[in-house]
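Results of the structural survey
Now for the letters of each chain:
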Amino acid sequence: MLEYNEYSFLLASLLESVTKVSNTSGTYQAYFKFWESRSSKLLVLRPLEMTETLSVNKNNIVYNKNTNQLVREISGDIAYIDPPYTTTQYVNSYHVLETIAKYDYPEVFGITGRRKKREFSGYSNNKLALYEFEDLFRQMILSIY
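These lines cover the structure that appears in this document, whether it is placed above or below. Keep in mind that this is a model prediction, so the values were computed, not measured.

So, on to helix 5 (residues 129-144). Over its 16 residues, helix 5 runs 23 Å from end to end, which matches the ideal 22 Å to within 8%, given 1.5 Å per residue. The complete set of buried residues in helix 5 reads A129, E132, D135, L136 and Q139. Within helix 5, the buried residues cover an arc of 135 degrees as seen down the axis, which keeps them to one side. Opposite the packed face of helix 5, turned more than 90 degrees from it, sit the exposed residues L130, Y131, L142 and I144. Tucked into the core, helix 5 has its buried residues touching helix 2 (67-70).

Written as structure tokens, this is what we have:
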């Protein structure tokens, strides 16, 4: 039986390795109409490179949640904000990697097998982006006080 940290290491290694043999230009929203040379390579599970960090606090936590919901649950001193900057929905572009990471069996549709039930980002929507930013910044300011 794998320990959680071993499972996480192997999963991260798998996600990194899959990208080396995918028949895409980098995202999974569309596939090449021809077989790109790397897609004929064998999938080799290479260990994820681990480096020692200079971080004082090595108890890092990773979240996979809507930022505007998460900001209501956590607090911190620094916020790094990197929302989508185009109308392209990330959920459409990385659905294969999401399915590998979640190890689930979602209902899918379309030629590329996108997940049917998915949450779209308001940051990629011209009408909702301003509201999303205002809400995020408001919650960040409220968490300070």
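Spanning 15 residues, helix 1 (residues 4-18) covers 21 Å between terminal C-alpha atoms, matching the ideal 21 Å at 1.5 Å per step. Those residues of helix 1 that sit buried are L11, S13, S17 and V18. Down the axis, helix 1 shows its buried residues gathered within 160 degrees of arc, on one side only. Along helix 1, the residues that are exposed and aim more than 90 degrees away from the buried face are Y4 and N5. Against helix 4 (95-102) lie the buried residues of helix 1.

Looking now at the layout of surface pockets. Rolling a probe over the atoms, with the probe sized like a water molecule, indicates the empty space that remains. Of the volumes computed, that of the largest pocket is approximately 2,500 Å³. Contributions of two or more residues to the lining of the largest pocket are made by helix 1, helix 2, helix 3 (90-93), helix 4 and helix 5. In this model, the second largest pocket occupies a volume close to 240 Å³. What lines the second largest pocket is E16, S17, K20, V21, K41, L42, V44, R46, P47, L48 and E49. Across the lining of the second largest pocket, the residue classes break down as 5 nonpolar, 1 polar and 5 charged.

Here we come to the pattern of salt bridges. In total, this model carries 9 salt bridges according to the counting rule given. Between K65 and E73 there is a salt bridge, with the nearest N and O atoms lying 2.6 Å from each other. Residue K65 is classed as partly exposed on the basis of its relative accessible area of 38%. A salt bridge links E98 to R115; its shortest N-O distance comes to 3.7 Å. Separated by 17 residues along the polypeptide, E98 in helix 4 and R115 in strand 2 (residues 114-115) bring together distant segments of the chain.

Among the secondary structure elements, N64 is positioned in the loop between helix 1 and helix 2. Taking the C-alpha atoms as reference, N64 lies 15 Å from D104; in sequence the two are 40 residues apart.

Turning next to the environment of E3. By secondary structure assignment, the location of E3 is in the segment before helix 1. As for E3 and S22, which are separated by 19 residues in sequence, their C-alpha atoms are 29 Å apart.

Under the definition given, this model contains 4 aromatic pairs. Relative to F137, the ring of F133 has its centre 5.9 Å away and its plane inclined at 25 degrees; by these criteria the two rings are stacked. Pair noted here: F133 and F137 are both in helix 5, with a separation of 4 residues, about one helical turn. Its relative accessible area of 37% is what places F137 among the partly exposed residues. In this structure an aromatic cluster arises from ring pairing among Y123, F133 and F137.

Cut-offs and rules
Counting restarts for each chain: residues are numbered from 1 in the order of the written sequence. Totals for whole chains, interfaces and linings use all residues, but because this is a predicted model, local features are given only for residues with pLDDT of at least 70 and pairs of side-chain atoms are given and counted only at 80 or more. Neither water nor hydrogens contribute to the side-chain values; these are computed over all heavy atoms in the structure. Only DSSP runs of H or I reaching four residues or more are called helices, and only runs of E reaching two or more are called strands; each is numbered from the N terminus. In a helix, the anticipated span is given by 1.5 Å times the number of residues less one. The classification of residues rests on relative accessible area computed with a 1.4 Å probe and restricted to protein chains. Under 20% of the type maximum is buried, over 50% is exposed, and intermediate values are partly exposed. Directions pointing from the helix axis toward each C-beta atom define the arc. Two residues form a contact once any of their heavy atoms are found within 4.5 Å. Using a 1 Å grid laid over the protein atoms alone, points where a 1.4 Å probe fits but cannot get out form a cavity; open sets with protein on both sides within 12 Å along at least 5 of 7 lines form a pocket; any residue with an atom within 4 Å of a point counts as lining. Grid points are joined across faces, edges and corners, and a volume is the space filled by probe spheres set on the points. All amino acids are sorted into three groups, where Ala, Val, Leu, Ile, Met, Phe, Trp, Tyr, Cys and Pro are nonpolar, Asp, Glu, Lys and Arg are charged, and the leftover types, Gly among them, are polar. A carboxyl oxygen of Asp or Glu within 4 Å of a side-chain nitrogen of Lys or Arg is what we treat as a salt bridge. The criterion for an aromatic pair is that two Phe, Tyr or Trp rings (for Trp, the six-membered ring) have centres within 6.5 Å, with stacked assigned to planes under 30 degrees apart, edge-to-face to planes over 60 apart and tilted to the rest.

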